[in-house]
Amino acid sequence: LNGSPLSYTGTATLGLPTGKTAYGLGAGKITGDFNNHIEKDFGIFTPDLEFGIGNSNTLIHRRIKKNFASLGPLAHFQAGATIVMPLNMSLDAEAYEELPLNASTIYSVTGPGRKKSKNSTTTNSAEDNGFTMSLDVPAGSHIALSGFFDRSVRTGDNITGLSVTFLAKAAPEEDAH
């Protein structure tokens, strides 16, 4: 409507096995993901669509941390929008689906004290769907504050978090023309 083009970003991600699986710190294998992101800017409102394929849920939704890691073929989909608010704040709301394409191995941690890993092979435990929302607030030219919330419909989990980001190089000023 406002003449801006459709924007596309393709992202390939590689995960290396750096955590000890006996303590639930990863899947112990090389993981990968390819994600497609499409969005269209309509002034303060920017709807977006994402879809991709990979072999681990740990490479999807980097802000959201689950209490398990899955290893197996997985498709993921996301749709939502970002709204720019006063004072350059931005609110992002998304609905997502992580869908296993075949049996996955689930690595999770159980028990009190020194945690031990529990593994299982399944076709549906790696599935997840829900909603995520984040609010980003600039706190100067080099600092951004973020808050986020994730609701997993499938597992019933609610995850919230806060972060402070320091930008080594200030974001460019928007042209007022």
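Located above this text is the structure these notes cover.
Remember, predicted model here, so these are calculated numbers, not experimental data.

(A) The arrangement of the overall build of the protein chain in detail. Looking only at helices and strands, one finds 0 helices and 10 strands in the protein chain. When the elements of the protein chain are put in sequence order from the N terminus, they spell out β-β-β-β-β-β-β-β-β-β. Scored against the burial criterion, the 177 residues of the protein chain give a buried share of 33%. Residue pairs in contact within the protein chain that sit at least 24 positions apart in sequence constitute 51% of those at least 6 positions apart. Of the accessible surface of the protein chain, which amounts to about 10800 Å², a share of 62% is contributed by carbon and sulfur atoms.

(B) Broad picture of the environment of Gly 10. Residue placement: Gly 10 occurs in strand 1 (residues 6-15). For the pair Gly 10 and Phe 34, spaced 24 residues apart in sequence, the C-alpha to C-alpha distance is 7.2 Å. Filtering out sequence-adjacent residues up to four positions away, Gly 10 remains in contact with Phe 34 and Asn 35.

(C) A look at the side chain of Asp 128. Within the secondary structure layout, Asp 128 lies in strand 8 (residues 128-138). By relative accessible area, Asp 128 is classed as buried at 1%. Engagement of the side chain of Asp 128 in a polar contact is seen with the side chain of Ser 152, the distance being 2.4 Å.

(D) View of unusual backbone geometry. Even without a glycine there, the phi angle at Leu 87 is positive, about 65 degrees. Tracing the sequence through the fold places Leu 87 in the loop between strand 4 (68-84) and strand 5 (90-100). On the accessibility criterion, Leu 87 (75% relative accessible area) is exposed. A positive phi angle is found at Asn 88, which is not glycine, with a value near 60 degrees. Secondary-structure assignment places Asn 88 in the loop between strand 4 and strand 5.

(E) Representation of the pairing of strand 3 (residues 45-56). Relative to strand 3, strand 2 (residues 31-40) runs antiparallel, the two being bridged by 7 bridges. Along strand 3, the bridge assignment pairs Phe 34 with Ile 53.

(F) Examining a nonpolar patch on the surface more closely. Taken together, the side chains of Phe 42, Ile 44, Phe 45, Ile 83 and Val 84 define a hydrophobic patch exposed on the protein surface, amounting to about 410 Å² of accessible area. By the element assignment, Ile 44 lies in the loop between strand 2 and strand 3.

(G) Examining the packing of aromatic side chains more closely. Taken as a whole and judged by the stated rule, the model has 0 aromatic pairs. We note Lys 40 situated over the ring of Phe 42; from NZ or CZ to the ring centre the distance is 5.3 Å.

(H) Representation of the pairing of strand 2 within the structure. As paired strands, strand 1 and strand 2 are joined by 10 bridges and run antiparallel to one another. Following the sheet pairing, Leu 14 is matched in strand 2 by Gly 32. Here strand 2 hands over to strand 3 after 4 residues, with Gly 43 in that stretch at a positive phi of 75 degrees.

(I) Representation of the environment of Gly 156 in the model. Within the secondary structure layout, Gly 156 lies in the loop between strand 9 (143-152) and strand 10 (158-166). On the basis of relative accessibility, which here comes to 36%, the residue Gly 156 falls in the partly exposed class.

Reading the values: rules and limits
- Residues numbered from 1 in each chain as written.
- Predicted model: local features only at pLDDT ≥ 70, side-chain atom pairs only at ≥ 80, totals over all residues.
- Heavy atoms only, no water.
- Helix = DSSP H or I, 4+ residues; strand = E, 2+ residues; numbered from the N terminus.
- Buried < 20%, exposed > 50% of the residue type's maximum accessible area, 1.4 Å probe, protein only.
- Contact = heavy atoms within 4.5 Å.
- Areas by Shrake-Rupley, 256 points an atom, 1.4 Å probe, with all protein chains shown as cover.
- Polar contact = N/O pair within 3.5 Å; in protein donor to acceptor, adjacent residues only side chain to side chain.
- Pairing = 2+ DSSP bridges.
- Patch = residues over 30% accessible without salt bridge, like charges linked within 9 Å, V, L, I, M, F, W, Y side chains within 5 Å.
- Salt bridge = Lys/Arg side-chain N within 4 Å of Asp/Glu carboxyl O.
- Phe/Tyr/Trp six-rings, centres within 6.5 Å; stacked < 30°, edge-to-face > 60°.
- Lys NZ or Arg CZ within 6 Å of the ring centre and 35° of its normal.

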